[in-house]
Amino acid sequence: MRTPIRPQNPIQKPLNRILTTEANVRLLRELARAGHPIAAGELAKRAKLGRTSIYPALASLESEHIVQFTGIGVQRQAQFRAEHPMAQALQDLFRAEAKRVDDLISALREMFRGITLQPIAAWLEGLSDFDADADGKLAVWVVADPRHMSAITGSLHDGVMEIQQRLAVYIALNGIGRSE
């Protein structure tokens, strides 16, 4: 993304700086979830970032006063600053983000419980960090007897469409036989 021609006032638009990079968002998510100070190495591990790459992001977040440090030297730890005026809104966003995933998994489970013909197996692809290249796309895979495949996928189709609409996700429904 190109740098905007006319920057916005950081007092009026603090989220531009707070959420400026994915690293900032990852660190804030982990710090807000923890609720207590975390050492840099542990924070990098939780956020799945390189240890040395988190220092510029933490410095940026500290300059916006959303992160503070406790301790000194090697004992220094980062902490989400709950007193920041945007802290509650950010925590609410992170909670809503996690709830959406929980709701998605619950809806898929309920959808499978509601069909008459059950597949041999089913799984969801695209939700774990191993699937980070999934580009926001999910796939439900169903293993079934080829004679029942179209009946099973047909009965799942409406449920998938409803979940997509309600939770603003794209879900590809894929059916394979046992030998595949």
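The model shown is predicted, which means the values in this text are computed figures rather than measured ones. (Residues numbered from 1 in each chain as written. Predicted model: local features only at pLDDT ≥ 70, side-chain atom pairs only at ≥ 80, totals over all residues. Heavy atoms only, no water.)

Q: Would you take a moment to explain the overall build of the chain for this structure?
A: Counting secondary structure elements, the chain contains six helices and six strands. Its helices and strands in sequence order give the chain the pattern α-α-β-α-α-β-β-α-β-β-α-β, from N to C terminus. For 180 residues, the compact-globule estimate of 2.2 N^0.38 gives 16 Å, and the chain exceeds it by more than 25% at 21 Å. Seen through its C-alpha atoms, the chain measures out along the principal axes to roughly 65 × 40 × 30 Å. Counting all 180 residues of the chain, 33% fall into the buried class. For the chain, long-range pairs separated by at least 24 residues make up 52% of all intrachain contacts whose partners lie at least 6 apart in sequence. (Helix = DSSP H or I, 4+ residues; strand = E, 2+ residues; numbered from the N terminus. Rg over C-alpha atoms; globule rule 2.2 N^0.38 Å. Buried < 20%, exposed > 50% of the residue type's maximum accessible area, 1.4 Å probe, protein only. Contact = heavy atoms within 4.5 Å.)

Q: For this particular structure, what's the right way to read the layout of surface pockets?
A: Empty space among the atoms becomes visible once a probe the size of a water molecule is rolled across them. If you add up the space inside the second largest pocket, you get close to 260 Å³. In this structure, the second largest pocket is lined by 10 residues; those nearest its centre are P4, P7, Q8, N16 and T20. A per-class count over the lining of the second largest pocket returns four nonpolar, four polar and two charged. (1 Å grid on protein atoms, 1.4 Å probe; cavity = no way out; pocket = protein on both sides within 12 Å on 5 of 7 lines; lining within 4 Å. Points joined across faces, edges and corners; volume = space filled by probe spheres on them. Nonpolar A, V, L, I, M, F, W, Y, C, P; charged D, E, K, R; others polar.)

Q: Teacher, can you tell me more about the sheet that holds strand β3 (residues 77-80) here?
A: The strands making up a sheet associate through hydrogen bonds between their backbones, and the pairing can be parallel or antiparallel. One open sheet accounts for three strands, arranged β1-β3-β2; its pairing is antiparallel. Two strands close off the open sheet at either side, each with one partner strand: β1 (38-39) and β2 (67-70). As judged from the two bridges shared by β1 and β3, these two strands associate in the antiparallel manner. Opposite I38, over in β3, you have A78 as the bridge partner. (Pairing = 2+ DSSP bridges.)

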